[in-house]
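Residue strings, one per chain:
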Amino acid sequence: MEARMLCCDWGTSRFRLRLLDSASASVLGEFAADSGAASLAGQGEEAFRRTLLDAVARVLQDAPDGPVPRQVLISGMAASSIGWRELPYASLPFPLDGRTAVTLSLSPLPGNPPIGVTLISGVQSGADVLRGEETETIGLLAGREDQALLLVLPGTHSKHLYVAGGELRGFKTFLTGELFSLLTTHGILRHSVRPGPPQLADPVEAEAFAAGLHLAATEPLTHALFHVRTAALLHGATPDQGRARLSGILIGAELSSLHHQRMTGETASLPLLIAAGPALAPAYRLAVRLLGLDPFCEWVSPQNADLASARGQLVLAARLGLR
């Protein structure tokens, strides 16, 4: 087994590379940047290779002394149509030991010894797709694969995943984070909203967030969104209140399906497991509490949610014989 491994989560907008101790899954070094797949799309494979080479050099330069890693595993959008090399999706049901994952070995990175590069593809349902979240799911559910649950992964493209019998059996994608980013940087609402996550420790922002949740439950989405503008024009809402209201509307729209299913008994027997990172956890915790879903929820700590992708890659590395 290799003592150390490089694990890369290459998203649409963000790039993150970590050096992990294979035995303990502890992070020995890390580099992150805004060099996501979208920023490199159309520049050819060499642009992806250069970005990875630079990141590997940075991580290894700052890492504590130890054996040189011989593998880097990459999950996420690097295997997509805008990525380094497009790979076909695996299909549902997707076993959580990763045995049906689609992977591809690329030319190794130069070094002494050379560092192997392996891309991990995503999963498709016939109506929806994901890339990277399957690896996160493997990492989050290691040791509890046979439990039936609904896993919620908040993010730019939030995912709700149905897991049972050691398999990923279904999922839905919600453009929650992407819409928030677009609406706070383009269009009329940008004049009424401060970018960034709401600061819900402030009771004024928390009240605006709750108002957004209520709008999502009572008004059509596009009409609810315009309330962010009118709250500023007619009632003097500040940009901080605007971002909280907008966040409440979008998160409320995403979670409304879970609320409806819970209230109608459609998934009454399934617990909810929510894995939100540090930036999004406060908003999702408040939304879940205000929607009455808290008694059915279990929360992954923000730290464990943040490490899920890398830990899932270690599981896949063992499956592929790379550790």
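Below is a summary of the structure that appears in this document. Because the structure is a prediction, the values reported are computed rather than measured.

Nonpolar side chains collect at one region of the surface, where Leu 175, Leu 179 and Leu 182 lie side by side and expose about 240 Å² of accessible area between them. As for its placement among the helices and strands, Leu 175 is situated in the loop between β13 (167-174) and α4 (176-185). Leu 175 sits in the partly exposed class, given a relative accessible area of 44%.

A few words on the packing of helix α3 (residues 133-140) against helix α9 (residues 302-319). Between α3 and α9, the shortest axis-to-axis distance is 6 Å and the interhelical angle comes to 95 degrees. Viewed along their axes, α3 and α9 adopt a mutual orientation that is roughly perpendicular. Residues Thr 135, Glu 136, Ile 138, Gly 139 and Leu 140 of α3 form the contact with α9, whose own contacting residues are Asn 304, Ala 305, Ala 308, Ser 309, Arg 311, Gly 312, Gln 313, Val 315 and Leu 316. Its residues placed into classes, the contact of α3 with α9 shows six nonpolar, six polar and two charged.

Once that is clear, we can look at helix α2 (residues 45-62). Given a rise of 1.5 Å per residue, 18 residues ought to cover 26 Å, and the 26 Å separating the end C-alpha atoms of α2 matches this to within 8%. Among all positions in α2, only Ala 47, Phe 48, Arg 49, Thr 51, Leu 52, Ala 55, Val 56 and Val 59 are buried.

For the rest of this paragraph, the subject is the nonpolar core. Grouped together as the largest cluster of nonpolar side chains are 31 residues, with contacts concentrated most on Met 5, Leu 73, Leu 140, Leu 151, Leu 161 and Leu 168. Elements that contribute at least two residues to this core include exactly β1 (4-10), α3, β11 (149-153), β12 (158-164), β13 and α9. Of the residues forming this core, the biggest block, six residues, is contributed by α9. Once residues lying within four places of it in the same chain are set aside, the contact partners of Leu 73 are Met 5, Leu 6, Cys 7, Cys 8, Thr 118, Ile 120, Gln 313, Leu 316, Ala 317 and Leu 322. Judged by nonpolar contacts, the second largest core, of 29 residues, contains Cys 8, Val 59, Ile 74 and Trp 84.

Structurally, the position occupied by Leu 151 is in strand β11. On the basis of relative accessible area, Leu 151 is assigned to the buried category, the value being 0%. Once the C-alpha coordinates of Leu 151 and Pro 203 are considered, the two residues, 52 residues apart in sequence, prove to be 29 Å apart. The contact partners of Leu 151, leaving out residues within four places of it in the chain, are Thr 137, Leu 140, Lys 159, His 160, Leu 161 and Leu 273.

So, about the environment of Val 117. Here Val 117 lies in strand β8 (residues 115-120). Along the backbone, Val 117 and Gly 66 are 51 residues apart, and their C-alpha atoms lie at a distance of 20 Å. Sequence-distant contacts of Val 117, that is, excluding residues within four places in its chain, are made with Leu 52, Gln 71, Val 72, Ile 74, Trp 84, Leu 104, Ser 105, Leu 106, Ser 107 and Leu 109.

Read across the sheet, three strands follow the order β5-β9-β10 without closing on themselves; strand pairing throughout is mixed. Two strands bound the open sheet, and with one partner strand each, they are β5 (90-91) and β10 (129-130).

What counts and what doesn't
Residues numbered from 1 in each chain as written. Predicted model: local features only at pLDDT ≥ 70, side-chain atom pairs only at ≥ 80, totals over all residues. Heavy atoms only, no water. Patch = residues over 30% accessible without salt bridge, like charges linked within 9 Å, V, L, I, M, F, W, Y side chains within 5 Å. Areas by Shrake-Rupley, 256 points an atom, 1.4 Å probe, with all protein chains shown as cover. Salt bridge = Lys/Arg side-chain N within 4 Å of Asp/Glu carboxyl O. Helix = DSSP H or I, 4+ residues; strand = E, 2+ residues; numbered from the N terminus. Buried < 20%, exposed > 50% of the residue type's maximum accessible area, 1.4 Å probe, protein only. Axes fitted to C-alpha atoms, helices over the stretch in contact; angles between N-to-C directions. Parallel < 35°, antiparallel > 145°, perpendicular 65-115°, else oblique. Contact = heavy atoms within 4.5 Å. Nonpolar A, V, L, I, M, F, W, Y, C, P; charged D, E, K, R; others polar. Expected span 1.5 Å × (residues − 1). Core = buried A, V, L, I, M, F, W, Y, C linked by side-chain atoms within 4.5 Å. Pairing = 2+ DSSP bridges.

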